[in-house]
Amino acid sequence: MNKFFRQCLLVGSLPASFCLPASAAVFTVTESMWGDPTTLNSLAWAIEQSNTTPGADIIQLQLRTGSSIYVDNATPVISSFLSRITESVQINGNGVTLLGNPLFIGTNGIEYNKFTLSSYTPTSGDVLVTPAFSFAEIGPSVSVGVKDLNIDGLNGFLSAGTDSVVTVINSAAKNTVPYGFAGRPVFEARTGATLNLHKVVLDRINPLENLIGGAEFAWAGAIAGGNATLNMTQSIIKGTSSSIGGVNWIGGAANIVSSIFTGSAGGLSISGSGAVMNIVNSLFVPDFAPSAVARIQAFSSGVANLIASTVQANALLALDVPTCSSNPDDYACNGVPLQAFDAGSINLFQSVVSTINSDLTGIIDSYSEVFDMNPTGDLVADAHSYVQPTPNADAADLKLLFNQPSLLTGSIPYELTAGGLFYADLPDGAALLPGSPLRSAIADAEGANQLINPIDGSVITTDVYGNPRTAFGRRDIGAVQSTQEVPGPLPSLGVAAAFRWSRRLRKAVRSASC
């Protein structure tokens with residue numbers, strides 16, 4: 001790997017701008033069509049020039065901010081990828097969008113596009129008129145930086161090759177669709193790769209409710225990796241199909257910090273021996289219907305650590321009531337919103353899991369640490385975590401389930417809607433309800449109990465919405481910091497216990513992070 005990339009694209013550094021040597025070659029893109037390697041000043045041409053020019057280069061998109069580069073008439077270089085990047089490069093998108101408008105005709109004679117695809121399940125008899133393309137496959141041991149570049153109507157964004165380092169900043173992907181009816185992650189990382197995502201937004205990813213072959217719960221992942229490292233900060237996923245899920249990591253380490261998963265954002269999955277997912281200062285508010293993957297899941301010896309994070313679930317949206325009534329052991333009927341099985345474990349540290357409406361007929365577990373085929377999962381919480389009781393899991397049940405006799409379980413932490421059936425939306429900087437057990441619960445939050453970023457060891461100073469993370473030296477449980485009143489007496493565990501917890505947390509983060 002080139003020296004300047006080792007210095008400027010370090011894991012977790014996520015610079016606002018990349019540093020490059022003064023001698024870096026610069027290739028300018030002004031064409032609004034994708035073109036091909038012979039089309040001067042097209043993006044296809046610029047990537048080809050970079051690949052054939054030794055050393056790290058810069059590709060500068062100089063179209064008007066907010067404009068598009070159209071890809072429908074492109075010819076893929078490999079598989080469905082428009083390009084393959086084989087030399088280290090920095091791509092400055094300057095707000096440009098790679099725009100595709102895939103189209104197919106169903107067996108019913110109706111045309112379907114990226115906006116209407118979710119209303120129809122493709123079959124082998126459909127006619128593909130305009131396919132969806134993915135942007136770029138990154139070669140092995142290559143370092144790539146992408147800033148201010150968006151995709152709309154493509155199949156995927158980037159595939160990070162073996163031992164590559166890929167950093168994406170301030171970019172968005174929306175309306176991605178399956179290529180030839182086969183879905184692909186927006187971002188994927190192969191063995192040894194490092195994928196850094198900072199201020200990235202994913203919205204309406206693979207909007208296809210049922211994959212071909214009936215693999216509804218495929219756990220493909222809008223962001224997926226195998227034996228690789230993910231560092232995701234200040235990012236948002238707010239729309240995936242029920243089958244693709246949000247983040248699926250197999251082996252390696254996934255660090256998700258100060259990020260938001262909301263709406264039909266799918267779920268978070270970690271699996272594999274030694275695999276760790278650290279979910280820190282992050283908010284998970286899934287719309288479960290009708291998916292069984294919209295949950296946080298650890299299995300096959302994978303470990304998920306929820307640190308100062310919030311899971312806010314309306315389980316009423318999660319389940320197919322007739323299916324659960326006739327077959328309560330069905331996968332979809334258990335483990336909402338946490339599921340650990342097959343030697344997987346989910347650990348709560350200063351986090352909140354709040355679930356309501358999970359008393360529907362046929363539900364066995366609203367929080368599950370077993371799945372019938374592969375038992376021996378484990379759910380664990382520290383004494384500064386809160387789990388809300390449900391009609392089928394009272395406080396005593398939860399303390400036993402999470403192996404924590406001091407687990408916080410009282411009161412209702414968040415405001416309900418007018419009908420009282422669902423949690424109201426959390427506005428930016430939402431205040432918790434007065435008297436909430438989450439308020440000011442962490443003492444000495446600017447000292448012994450500082451919240452540490454597992455990516456780079458820095459102190460996290462803002463909540464998931466960018467508001468100050470502490471007030472009067474205290475921090476709320478979970479990812480959202482409330483407007484604090486003048487604090488009362490110290491929590492019952494006291495400063496000494498808080499200090500001991502902080503040391504354990506730091507040790508856990510150091511051992512679990514990449």
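Residues numbered from 1 in each chain as written. Predicted model: local features only at pLDDT ≥ 70, side-chain atom pairs only at ≥ 80, totals over all residues. Heavy atoms only, no water.

Draft legend 1. Quick peek at the overall build of the protein. Counting its secondary structure elements, the protein contains five helices and 30 strands. Considering the protein as a whole, with its 514 residues, one finds that 57% of them fall into the buried category. Summarising the internal contacts of the protein: among those between residues at least 6 apart in sequence, 70% fall at separations of at least 24. Carbon together with sulfur atoms contributes 54% to the accessible area of the protein, which is approximately 19,000 Å² in total. (Helix = DSSP H or I, 4+ residues; strand = E, 2+ residues; numbered from the N terminus. Buried < 20%, exposed > 50% of the residue type's maximum accessible area, 1.4 Å probe, protein only. Contact = heavy atoms within 4.5 Å. Areas by Shrake-Rupley, 256 points an atom, 1.4 Å probe, with all protein chains shown as cover.)

Draft legend 2. The arrangement of the pattern of salt bridges in detail. One pass over the structure, following the stated rule, counts three salt bridges. Between R84 and E137 there is a salt bridge, and its shortest N-O distance comes to 2.8 Å. With R84 in strand β4 (residues 81-85) and E137 in strand β9 (residues 134-138), this residue pair connects regions lying 53 residues apart in the sequence. Taking the relative accessible area as the measure of exposure, E137 reaches 12% and is therefore buried. Note that E188 and R184 form a salt bridge whose closest N and O atoms lie 3.7 Å from each other. (Salt bridge = Lys/Arg side-chain N within 4 Å of Asp/Glu carboxyl O.)

Draft legend 3. Quick look at the sheet that holds strand β6 (residues 103-105). Ordered by their spatial adjacency, three strands build an open sheet running β7-β6-β8, and the pairing between neighbours is antiparallel. With partners counted over all chains shown, the strands left at the sheet margins are β7 (111-112) and β8 (127-130), one partner each. Where β6 meets β8, three bridges bridge the pair, whose relative direction is antiparallel. Along β8, the bridge assignment pairs F104 with L128. (Pairing = 2+ DSSP bridges.)

Draft legend 4. Looking closely at the packing of aromatic side chains. Per the stated rule, a full pass over the model turns up eight aromatic pairs. Both rings, one in W34 and one in F135, keep their centres 6.2 Å apart while their planes meet at 85°; by these two values the pair is edge-to-face. Separated by 101 residues along the polypeptide, W34 in the loop between β1 (25-29) and α2 (43-51) and F135 in strand β9 bring together distant segments of the chain. Classification of F135 as buried rests on a relative accessible area of 0%. Here the aromatic rings of Y367 and F402 are separated by 6.0 Å at their centres, their planes lie at 75°, and the arrangement is edge-to-face. One end of the pair, Y367, is in strand β28 (residues 367-368); the other, F402, is in the loop between α4 (395-401) and α5 (494-512), and 35 residues separate them in sequence. (Phe/Tyr/Trp six-rings, centres within 6.5 Å; stacked < 30°, edge-to-face > 60°.)

Draft legend 5. Seen up close, the side chain of S80. Relative to the helices and strands, S80 resides in the loop between β3 (68-70) and β4. Polar contacts involving the side chain of S80 include one to the side chain of R184, which spans 2.5 Å. When near neighbours in sequence (up to four residues on either side) are disregarded, S80 contacts A132, F133, S134, N155, Y179 and R184. (Polar contact = N/O pair within 3.5 Å; in protein donor to acceptor, adjacent residues only side chain to side chain.)

Draft legend 6. Up close: unusual backbone geometry. Phi at N175 takes a positive value of approximately 55°, unusual for a residue other than glycine. You can see N175 is positioned in the loop between β12 (165-174) and β13 (187-189). Unlike most non-glycine residues, S440 shows phi in positive territory, near 50°. Mapped onto the elements, S440 comes out in the loop between α4 and α5.

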